[in-house]
Amino acid sequence: MTEAAELPPAPEQAREVFGDRFDDAVRYAELLADAGVQRGLIGPREVPRLWERHLLNCAVLSEVVPEGVTVCDVGSGAGLPGIPLALVRGDLKITLLEPLLRRTTFLTEVVELLGLDHVTVVRGRAEEVLGKLQPVHVVTARAVAPLDRLATWGIPLLRPYGEMLALKGDTAEEELTAAASALNKLGAVETDVLQVGEGVVDPLSTVVQVKVGESPGGVRFAAKRAKAARPARPSRRRR
Ligand SMILES: C[S@@+](CC[C@H](N)C(=O)[O-])C[C@H]1O[C@@H](n2cnc3c(N)ncnc32)[C@H](O)[C@@H]1O
């Protein structure tokens, strides 16, 4: 049997980043290393690098999230980036969206244990909750799908003038180029690649930012809504 990897002590930067919520961040890291691994939500090989590669890498996304907004973390998995973001930003209202029951059960436990009153867990696929969730200012995501597919799921969840913030690695620029036409059709008006986490993570975390205009979801989504709104044709009667 392989021995369970040990969770290393929190690095000094974690105290600064999580501030008052540092103890809760430690508790979350312990839950990931223990129940998270046992229930197959995170690989055992991730445990030694939980702080740098997961908690801190996700928490620094906070640098580019505006104040007091609503956020939907699409494909939250074991709570990344949603939970670290919630720990550093009590001003946000965050929905963790995840289709798998095993994962939403874990997320609900974490939210209750850490007393994250500003976080709600919703079970579902992004493309299926459209119209059921209130549109949000910001969609976040990490490791869910290539940018073009992620955009078709995430952008329709946005309010007008909202933005999607996707944590991506080295492939960020490449994915943006490949997704250009899809983003255009979905109503993107501005895109950028941001580097965050100076002095906290090395390498810096890369974030693809996609801002939308008045019509998030773009032409296809607008057409779908128009179709749904059309009155039903009167049924023909046989004479
Ligand atoms: C590789 S995991 C990443 C989890 C987490 N974001 C992280 O970085 O550790 C991808 C997650 O996306 C979820 N997912 C896949 N398709 C989805 C969809 N259409 N809508 C919402 N979530 C989805 C999966 O269930 C899974 O939890």
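Structure's up top.
Overview of the structure.

The rules we used
Residues numbered from 1 in each chain as written. Predicted model: local features only at pLDDT ≥ 70, side-chain atom pairs only at ≥ 80, totals over all residues. Near = placed C-beta within 6 Å. Helix = DSSP H or I, 4+ residues; strand = E, 2+ residues; numbered from the N terminus. Nonpolar A, V, L, I, M, F, W, Y, C, P; charged D, E, K, R; others polar. Contact = placed C-beta atoms within 7 Å. Expected span 1.5 Å × (residues − 1). Buried ≥ 20, exposed ≤ 12 C-beta atoms within 10 Å, placed from the backbone. Arc of directions from axis to C-beta.

1. Some words on the site of the ligand
In the region of the ligand, 18 residues are neighbours, and Gly-75, Gly-77, Arg-125, Ala-126 and Arg-142 sit closest. Looking at the shell around the ligand, the elements with two or more residues in it are strand E2 (93-98) and helix H6 (126-129). Partitioning the shell around the ligand into residue classes produces 10 nonpolar, 3 polar and 5 charged.

2. With respect to the environment of Asp-24
Position of Asp-24 relative to the elements: it lies in helix H2 (residues 22-38). Those residues within four positions of Asp-24 in sequence are excluded, and the remaining contacts are Leu-87 and Leu-114.

3. Quick look at H2
Its 17 residues give H2 an end-to-end C-alpha distance of 24 Å, which sits within 8% of 24 Å, the value for a rise of 1.5 Å per residue. Taken as a whole, H2 has its buried residues at Ala-25, Tyr-28, Ala-29, Leu-31, Leu-32, Ala-33, Gly-36 and Val-37. The elements touched by buried residues of H2 are helix H1 (12-18), helix H3 (50-59), helix H4 (82-88) and helix H5 (101-113).

4. Thoughts on H5
With 13 residues, H5 extends 18 Å from end C-alpha to end C-alpha; this agrees with the ideal 18 Å at 1.5 Å per step. Residues of H5 that are buried: Arg-103, Phe-106, Leu-107, Val-110 and Val-111. Seen along its axis, H5 keeps its buried residues to an arc of 135°; they face one direction. The exposed set on the far side of H5, more than 90 degrees from its buried face, consists of Leu-101, Arg-102, Glu-112 and Leu-113.

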